[in-house]
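Observations on the model geometry
The primary structure of each chain is shown beneath.
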Amino acid sequence: MLVDTHCHLNSPQFADDLPEAVARALQAGVTQMIVVGYDMPSSEEAVRLAERYAPLFAAVAVHPHDSKAYSTAAEARLRELASHPKTVAIGEIGLDYHYDFSPVEAQFAAFRAQLALAQAVSLPVIIHCREAYRDTLDVLEAGDAQGVGGVMHCWAGSAEEAQRALKRGLYLGIGGVLTFKNAEALREIAASAPMDRLLVETDAPYLAPAPHRGKRNEPAYTRLVAERLADLRALTREEIEARTTQNARRLFRRLQP
Ligand code: NI
């Protein structure tokens, strides 16, 4: 069995075939999926889906892109959603310097506020980081955030940044990019990082692994990421499944069979 630790089944791209996408995932041995929120409506939807489908769990938060909409009202509602037994994390939160959808100051403020929220509700965080590794790790290493566990989802940083993240106690989320031709640096990190700190994910509907690159991604393709990881680590499929699932359940404590 596998856990897709990061997907967006709450995206409009799954509006027409959500039950089929979940069925295909189960068929592929992906028995649990974390549906990650990126704004208030998608966080509400993540919890609704987790209530409706046994294999689905929720993460709730406001994404860096939407940070300028972060408010005390949003935070109060996130706190309520976080108390749901199937909410396993606060996420995705972080910093994104690639797109300019929210000013950097607003991104920092929302990131710090949601780290504090995670601390207060005793949940781990799912970190989104794009072209902002130094600042993101600075925030996570700061004294008041140190008690918060988490995963750097869709890892795309350097080997040095990976060392920093691992030293901070964070997990690395490995997604479909692992299968891309030009992803040699990521493959080296995935091959050499401690096996007890790796998680697999899809980030569906984005970043579909080969041979589906460029098409809509879906949780069933976690299997393709796991198979590539098994090759890189010279482990069997069963070992990769067992290890990454164990890791997911260690980090996301509410994610139980
Ligand atoms: Ni995502």
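Look above for the structure.
A brief look at the structure comes next. (Residues numbered from 1 in each chain as written. Predicted model: local features only at pLDDT ≥ 70, side-chain atom pairs only at ≥ 80, totals over all residues. Heavy atoms only, no water.)

The helix and strand inventory of the protein stands at nine helices and eight strands. Since a compact globule built from 257 residues should have a radius of gyration of about 18 Å, the 17 Å found for the protein is in line with a globular shape. Overall size of the protein, expressed as C-alpha extent along the three principal axes, is 45 × 40 × 30 Å. Taking all 257 residues of the protein together, 58% fall into the buried category. Long-range pairs, those at least 24 residues apart, make up 72% of the contacts in the protein with a sequence separation of at least 6. Carbon and sulfur atoms provide 53% of the accessible area of the protein, an area that totals close to 10700 Å². Across the protein, the mean location of the 28 positive side-chain charges is 4 Å away from that of the 33 negative side-chain charges. (Helix = DSSP H or I, 4+ residues; strand = E, 2+ residues; numbered from the N terminus. Rg over C-alpha atoms; globule rule 2.2 N^0.38 Å. Buried < 20%, exposed > 50% of the residue type's maximum accessible area, 1.4 Å probe, protein only. Contact = heavy atoms within 4.5 Å. Areas by Shrake-Rupley, 256 points an atom, 1.4 Å probe, with all protein chains shown as cover. Lys, Arg positive; Asp, Glu negative; His and termini not counted. Charge placed at Lys NZ, Arg CZ, Asp CG, Glu CD.)

A few words on the pattern of salt bridges. The tally for this structure, following the rule as stated, stands at twelve salt bridges. In this structure, R216 engages D17 in a salt bridge whose closest nitrogen and oxygen atoms are separated by 2.8 Å. With a gap of 199 residues between them, R216 in the loop between β8 (198-200) and α8 (222-233) and D17 in the loop between β1 (2-7) and α1 (18-27) connect regions that are remote in the sequence. Using a relative accessible area of 25% as the deciding quantity, one classes R216 as partly exposed. (Salt bridge = Lys/Arg side-chain N within 4 Å of Asp/Glu carboxyl O.)

What follows deals with the environment of R213. In this fold, R213 is placed in the loop between β8 and α8. Residue R213 is classed as partly exposed on the basis of its relative accessible area, which comes to 48%. Sequence separation of R213 and V177 is 36 residues, and the distance between their C-alpha atoms is 9.0 Å. Setting aside anything within four residues of it in sequence, one finds R213 in contact with F180, K181, N182 and A208.

The next point concerns the coordination of the nickel ion. The coordination sphere of the nickel ion, as far as protein atoms go, consists of H6 (NE2), H8 (NE2), E92 (OE) and D203 (OD), spread over 2.2 to 2.5 Å. Around the nickel ion sit four donor atoms; with metal-centred angles ranging over 85 to 171°, the donor geometry is irregular. Positions of the donor residues of the nickel ion, expressed as sequence spacing, correspond to H-x1-H-x83-E-x110-D. Of this pair, H6 sits in strand β1 while E92 sits in strand β4 (residues 87-96), and the two are 86 residues apart along the sequence. Given the relative accessible area of 1%, H6 is considered buried. You can call E92 buried: its relative accessible area is 3%. (Donors = N, O, S within 2.8 Å, 3.2 Å for Na, K, Ca; no water. Tetrahedral: all angles 85-135°; square planar, octahedral: opposite > 155°, others 65-115°.)

Glancing now at the nonpolar core. Ranked by internal contacts, the top residues of the largest apolar core, which has 75 residues, are L9, I90, L115, M152, W155 and L172. Among the elements that take part in this core, helix α4 (residues 104-121) stands out by supplying seven residues, more than any other. When sequence neighbours within four positions are dropped, the list of residues in contact with L172 reads V151, M152, W155, A162, A165, L166, I189, A193, R197, L198 and L199. One finds I34, A89, I126 and L255 within the second-largest nonpolar core, a separate group that totals 15 residues. (Core = buried A, V, L, I, M, F, W, Y, C linked by side-chain atoms within 4.5 Å.)

Spatially, the eight strands line up as an open sheet ordered β1-β2-β3-β4-β5-β6-β7-β8, and their pairing is parallel. Each edge of the open sheet carries a strand with a single partner, namely β1 and β8. Along the sheet, successive strands turn relative to each other by an average axial angle of 30°, direction set aside. Inspection of the sheet shows strand β2 (residues 30-36) paired to strand β3 (residues 56-60) by four bridges, in the parallel sense. Across the sheet, residue V35 finds its bridge partner in β3, namely A58. Lying on the sheet, α4 is in contact with β4 and β5 (125-130); it crosses β4 at an angle near 160°. (Pairing = 2+ DSSP bridges. Axes fitted to C-alpha atoms, helices over the stretch in contact; angles between N-to-C directions.)

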